[in-house]
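Secondary and tertiary structure notes
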Amino acid sequence: APLGELARSSWRPWLATLPAVIWWFDSIPWAGIWANPLLVPFLGLVLLPLAMAHALSCTLLPSLCTLTAPALELSVEALGVLVKWTGTHLPDLPPGQQSAWQLALLALGSVLVLFTGPGGRARRAGWVALLVFTLASMCNPRPPPDTLQIDFLDVGQGDAALLRFASPAKDTHTFTALIDTGGNPGGGPDPGEAVLRPLLRRQGIERLDLVVISHAHPDHYGGLASLVGHMPIDEIWDNGQAEAEQPAGPLAQLLARARALGTRVRGPAALCAGLHGPSGIELSLLWPCPAHSPLHDPNDNSLVLAIRHGSTRILFTGDIESAAEQALVANDRIPRSQVLKVPHHGSRSSSGLALLRAVAPQVAVISAGPGNPFGHPHPEVVERYQKLNVQLMRTDLQGGLRLRSDGTGFQMSSELQGDLALREGEGEPLVVGR
């Protein structure tokens, strides 16, 4: 009976708080269920009596204090070993990417199991609901074969996008890449810890094939610090300017650390000449080629990346401004693309008419923070896109955005905020294009 009561006192609060824990932390902390029955008896039967004995001996018989102190110290160290063991061998389980109905099912099952009588139909229905939730959570959120999925992430005033491509080839893993990693140079939550790692864990991503750092500004590379050393990264693409001009700077140190861990770091000299990516999609570096220019600031040295999946093209432009835009257009380096990641968060120094006419996008994505101090996106830039009949989508207004392409067309939605967001009164995604 005491052991049964101890087990119940462990799993009941765990189950009661599980919906909130998954919602806020995107993980299932299995360690709590098993750690409590192990640690609570140790605390009650060993550590607390030793602590009381030590306190009494030191107060009443100081000569015994030197005898009880080592025993108490040893028990505290043993508790630390047990806690570390449970945290290491019973890690949190990523629950997969829950939809609203899955979380509702979890909450319903928890209520029925916790607050209904044993052996009744309601209690059994609760266990069934929890079983269905568990099975749904174990499903890998891998995109369908030959589907390109790009999530434009809400990282505040910065850029970050998660690319996933499931090759149609049998037994081929899902290619996963991050294009910029956000950052918070003004202080506040680290997007790497607050957004990137929880999202990767939630989608069951344990390694990254590629991380692209467009340029050496912390709102584009800051989140990388939370990834290097925490998960394997096969390659990092970087323009080389930080290591050339600030070899002791934070980005250069991050890249050096990544190299030491086995990550391959590549620059424009190795990337500009060819196509990259797994079979089924093409990644091509358009700028700066063949290398960054010391005459340009970091913005105009941003990596400009074109992605092609069948007839769908997406253009990532980092923070390029008028000098880089004009050079790209003059050299005929800009491909027509249905989707454009708006340069420099919608700054008035970017998105020139020449660039927009060359790209001719159907959809433009602005990555910016709500109420940011820079005024991004600037009203004149928004008006420029509107005059060209380009559909604007903004992370500061809509949160995270998702693109899906089957190679013949694409859909854009604010699905990252819940279920597929639809236009009010319509049964279509926010944007559909070809």
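Position numbers for residues count from 1 along each chain, tracking the sequence in the order it is written. This being a predicted model, a pLDDT of at least 70 is required before a residue's local features are given, and a value of 80 or more before pairs of side-chain atoms are given or counted; all residues contribute to the totals for chains, interfaces and linings. Side-chain descriptors were evaluated using all non-hydrogen atoms of the structure, hydrogens and water having been removed beforehand.

Think of a salt bridge as a Lys or Arg side-chain nitrogen and an Asp or Glu carboxyl oxygen that are within 4 Å of each other. In this structure the tally under the stated criterion is 10 salt bridges. Salt-bridge contacts for Arg 266 lead to Glu 235; the nearest nitrogen and oxygen are separated by 3.4 Å. One end of the pair, Arg 266, is in strand S6 (residues 264–266); the other, Glu 235, is in strand S5 (residues 233–237), and 31 residues separate them in sequence. The pair Arg 266 / Glu 235 is uniform in exposure class, with both members buried. Helix and strand definitions follow DSSP, with helices as H or I runs of at least four residues and strands as E runs of at least two, each counted in order from the N terminus. Only protein chains enter the accessibility calculation, which uses a 1.4 Å probe. A residue is then buried if its area is under 20% of the maximum for its type, exposed if over 50%, and partly exposed in between.

Let us look at the nonpolar core. One finds Ile 150, Phe 152, Ile 307, Phe 316 and Met 412 to be the most contacted residues of the largest nonpolar core, which totals 30 residues. Discounting chain neighbours no more than four positions away, the residues touching Phe 316 are Ile 150, Phe 152, Ala 161, Ile 179, Leu 303, Val 304, Leu 305, Ile 307 and Lys 341. One finds Leu 153, Val 155, Ala 258 and Val 265 within the second-largest nonpolar core, a separate group that totals 26 residues. To qualify as a nonpolar core, a set must consist of buried Ala, Val, Leu, Ile, Met, Phe, Trp, Tyr and Cys residues joined through side-chain atoms within 4.5 Å. Residue contacts are defined here by distance: any two heavy atoms, one from each residue, within 4.5 Å place the two residues in contact.

Below, the discussion takes up the state of the cysteines. Two cysteine sulfurs form a disulfide in these notes if their separation is within 2.5 Å. Going through the model one piece at a time under the given rule, you end up with 2 disulfides. Here Cys 58 is linked by a disulfide to Cys 65, with a sulfur-sulfur distance of 1.9 Å. Because the sign of the S-S torsion sets the handedness, a value of about 65 degrees for the bond joining Cys 58 and Cys 65 places this disulfide among the right-handed ones. Between the sulfur of Cys 272 and that of Cys 289 lies a disulfide, 2.0 Å long from S to S. The S-S bond linking Cys 272 to Cys 289 shows a torsion near -90 degrees; that makes this disulfide left-handed. Of the two residues, Cys 272 sits in the loop between helix H10 (268–271) and strand S7 (282–287) while Cys 289 sits in the loop between S7 and strand S8 (304–309), which places them 17 residues apart along the sequence. Taking relative accessible area as the criterion, Cys 289 reaches 23% and is therefore assigned partly exposed. In the chain, the bonded cysteines, taken in the order they occur along the sequence, pair up as 1-2, 3-4.

When we look at burial in helix H11 (residues 322–330), the residues that qualify are Ala 324, Glu 325 and Leu 328. Seen from one end, H11 has its buried residues packed into an arc of 100 degrees, which puts them on one side. Away from the buried face of H11 by more than 90 degrees, exposed residues Gln 326 and Ala 330 are located. Those residues of H11 that are buried are in contact with S7, S8 and helix H12 (353–359). Of the residues flanking the end of H11, it is Asp 332, one or two places downstream, whose phi is positive at about 55 degrees. Along the arc lie the directions from the helix axis toward the C-beta atoms.

This brings us to the confidence of the model for the chain. The predicted coordinates ought not to be read in detail in places where the model reports low pLDDT. One confidence number per residue, pLDDT, is output by the predictor and ranges from 0 to 100. Mean pLDDT over the chain stands at 85; residues scoring 70 or higher make up 83%. Note that residues 417–428 has pLDDT below 50 and, in this model, 19 contacts with residues that lie over four places away or in other chains.

Following DSSP output, two strands are said to pair if at least two bridges run between them. Judged by pairing direction, the sheet is mixed, and its 6 strands sit side by side in the order S7-S8-S9-S10-S11-S12 without closing on themselves. Taken across any chain shown, the strands that pair with only one partner, and hence form the sheet edges, are S7 and strand S12 (391–394). Across the sheet, the axes of successive neighbouring strands diverge by a mean angle of 20 degrees, strand direction being ignored. The pairing of strand S11 (residues 363–366) with S12 spans 4 bridges and is parallel. Across the sheet, Val 363 pairs through a bridge with Gln 391, a residue of S12. Only C-alpha atoms enter the line fits that serve as axes; for helices the fit covers just the stretch in contact. Angles between N-to-C directions range over 0 to 180 degrees.

What follows concerns helix H6 (residues 191–202). A helix is expected to reach a length of 1.5 Å times the quantity of its residues less one. Over its 12 residues, H6 extends 15 Å from the first C-alpha to the last, a length consistent with the 16 Å expected when each residue adds 1.5 Å. For H6, every residue scored as buried is listed here: Pro 191, Gly 192, Leu 196, Pro 198, Leu 199 and Leu 200. Residues of H6 that are buried sit in contact with strand S2 (160–166), strand S3 (175–181) and strand S4 (208–212). Pairs of N or O atoms are called polar contacts if they sit within 3.5 Å, as long as, within protein, a hydrogen donor faces a hydrogen acceptor (for residues adjacent in sequence, only side-chain-to-side-chain pairs). By the N-cap criterion, in which a side-chain oxygen at the helix start approaches the backbone nitrogen of a residue two or three places on, H6 is capped by Asp 190, the distance to Gly 192 being 3.0 Å. Looking one or two places after H6, you find Gly 204, whose phi comes out positive at around 70 degrees.

In this structure, the amide linkage connecting Trp 287 to the following residue, Pro 288, adopts the cis form with an omega of -5 degrees. Turning to its location among the elements, Pro 288 is positioned in the loop between S7 and S8. A cis amide bond links Cys 289 with the next residue in sequence, Pro 290, at an omega value of 5 degrees. Counting through the fold element by element, Pro 290 comes out in the loop between S7 and S8. Non-glycine residue Asp 332 carries a positive phi angle of around 55 degrees.

Turning next to the environment of Ala 324. Mapped onto the elements of the fold, Ala 324 is located in helix H11. Through-space distance from the C-alpha of Ala 324 to that of His 296 is 8.6 Å; in sequence the pair is 28 residues apart.

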